[in-house]
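# Summary of the model geometry
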Amino acid sequence: MVLKSETGVAAVVGVGAGLGAALALRFASGYKVALIARTAEIIQKTADQIRSGGGIALPLQSDTTIESQIASAHQRIRSELGPIDVLIYNGGRRPVGRLMETTPEVFEQTWRLHTLGAFLWAREVVPEMLSRGGGSILITGATAGSRPWPTSAAFAPAKFAVRGLAEVMARDLHPQGIHVTYVNVDGGIDMPLLRNARPEAQDEDLLKPPAIADAFWYLAHQDRSAWSNILDLRPFKEKF
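So, here's what we can say about the structure. (Residues numbered from 1 in each chain as written. Predicted model: local features only at pLDDT ≥ 70, side-chain atom pairs only at ≥ 80, totals over all residues. Heavy atoms only, no water.)

### A short note on the nonpolar core
Of all hydrophobic cores here, the largest spans 34 residues; its most connected members are Ile-77, Ile-84, Trp-121 and Ile-137. It is helix 4 (residues 104-132) that provides the largest number of residues to this core, a total of nine residues. Once you skip the residues sitting within four places of it in the chain, Ile-137 turns out to touch Leu-87, Ala-122, Val-125, Val-126, Met-129, Met-169, Ile-178, His-179, Val-180 and Thr-181. Core analysis: the second largest hydrophobic core is formed by 33 residues, Tyr-31, Ile-50, Ala-57 and Ala-220 among them. (Core = buried A, V, L, I, M, F, W, Y, C linked by side-chain atoms within 4.5 Å. Buried < 20%, exposed > 50% of the residue type's maximum accessible area, 1.4 Å probe, protein only. Helix = DSSP H or I, 4+ residues; strand = E, 2+ residues; numbered from the N terminus. Contact = heavy atoms within 4.5 Å.)

Okay, structure coming up:
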């Protein structure tokens, strides 16, 4: 793909080596992109890839659970790239554990990353979107947010909560011109960590990160007469 940044700004919060990087690369075809994560390695590597293709990228280290760091990151995006048109919240922490295997600390940390972080970032960008009468907020969901496994004692409640937040925001903000969508990624994402855990998996069993990113792009550019507030994505073979 030839990367070409234009006038809009997209912020991808939670850029890892899989879906987050794919989202940043996809949106770099039409936006200046801010890449936000707690660690520098992946955001710097992906930003370099965007820049090498002629795009504009701003890598930012920021903890999505700390309000002051979010405010600081948002201010840098506004001053260096401009106001955010598309916010993609892609929380990625996925602890595995049943009820008695999950500590209160892990439970709270998981909720803070997936739900509180989305809440705080939305509160940062919504006022400016309202003043312009437009914008998109896209939130990555998971199977655990609707059909959890018994080993998702921390992850599932966090995803249920952020799905509820997305639905509340959609009802509140759609009539005011801001498009909010919860994207239920129902299946395993094709990345090295999952490949190592499921060596028997075939290509067609897994969701490809660029294909998921294409769906996010589609959502960000839906006509106002036909907005989605929830979109399910799954491999054609996935049972549901």
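After that view, the rundown keeps rolling.
### Some details on the sheet that holds strand 3 (residues 57-61)
Strand order in this open sheet of seven strands is 3-2-1-4-5-6-7, and the pairing throughout is parallel. Sheet topology places strand 3 and strand 7 (230-233) at the edges, where each strand pairs with a single neighbour. Neighbour-to-neighbour, the strand axes of the sheet open up by a mean angle of 15 degrees, direction not taken into account. Pairing analysis gives four bridges linking strand 6 (residues 178-185) to strand 7, with the strands arranged parallel. The residue bridging Val-185 from the neighbouring strand is Leu-233, located in strand 7. Against the sheet, helix 3 (residues 67-80) engages strand 1 (8-13), strand 2 (31-37) and strand 3, with an angle of about 165 degrees to strand 3. Docked against the sheet, helix 5 (residues 155-173) engages strand 5 (135-142), strand 6 and strand 7, running at close to 155 degrees with respect to strand 6. (Pairing = 2+ DSSP bridges. Axes fitted to C-alpha atoms, helices over the stretch in contact; angles between N-to-C directions.)

### Concerning the pattern of salt bridges
All told, the structure shown has nine salt bridges when counted by the stated rule. Its salt-bridge partner being Arg-76, residue Glu-80 comes within 2.8 Å of it at the nearest N-O pair. Of this pair, Glu-80 and Arg-76 both sit in helix 3, four residues apart, roughly one helical turn. Note on Arg-76: relative accessible area 36%, which makes it partly exposed. (Salt bridge = Lys/Arg side-chain N within 4 Å of Asp/Glu carboxyl O.)

### Considering the side chain of Gln-222
Residue placement: Gln-222 occurs in the loop between helix 7 (209-220) and strand 7. Among the polar contacts listed, one links the side chain of Gln-222 to the side chain of Tyr-218, at a separation of 3.1 Å. Here the side chain of Gln-222 touches Ser-228 through a polar contact of 2.8 Å, landing on its backbone nitrogen. With residues up to four places along the chain from it excluded, the contact list for Gln-222 reads His-179, Trp-227 and Ser-228. (Polar contact = N/O pair within 3.5 Å; in protein donor to acceptor, adjacent residues only side chain to side chain.)

### Some thoughts on the packing of aromatic side chains
The tally for this structure, following the rule as stated, stands at three aromatic pairs. Ring centres of Phe-27 and Tyr-31 lie 5.8 Å apart, and the angle between their planes is 45 degrees; on these two criteria the pair is classed as tilted. A residue is classified by how much of its surface remains accessible, and Phe-27, at 0% relative accessible area, is buried. Arranged with centres 5.2 Å apart and planes meeting at 55 degrees, the rings of Phe-27 and Trp-217 form a pair that is tilted. Within this pair, whereas Phe-27 is found in helix 1 (residues 19-27), its partner Trp-217 is found in helix 7, the two being separated by 190 residues in sequence. Members of the aromatic cluster, each reached through a chain of ring pairs, are Phe-27, Tyr-31 and Trp-217. The ring of Trp-217 has Arg-26 sitting right over it, with the charged end atom 4.2 Å from the ring centre. (Phe/Tyr/Trp six-rings, centres within 6.5 Å; stacked < 30°, edge-to-face > 60°. Lys NZ or Arg CZ within 6 Å of the ring centre and 35° of its normal.)

### Examining the packing of helix 4 against helix 5
The contact between helix 4 and helix 5 brings their axes to 8 Å, and the two run at 15 degrees. Judged on the interaxial angle alone, helix 5 and helix 4 are roughly parallel. Taken as a pair, helix 4 and helix 5 cross one another with a handedness that is right-handed. Counting all contacts with helix 4, which are made through Phe-107, Thr-110, Trp-111, His-114, Thr-115, Ala-118, Phe-119, Ala-122, Val-126 and Leu-130, the residues of helix 5 involved are Phe-155, Pro-157, Ala-158, Lys-159, Ala-161, Val-162, Leu-165, Met-169 and Leu-173. Class assignment for the residues of the contact of helix 4 with helix 5 results in 15 nonpolar, three polar and one charged. (Parallel < 35°, antiparallel > 145°, perpendicular 65-115°, else oblique. Left-handed = near helix turned anticlockwise from the far one by under 90°. Nonpolar A, V, L, I, M, F, W, Y, C, P; charged D, E, K, R; others polar.)

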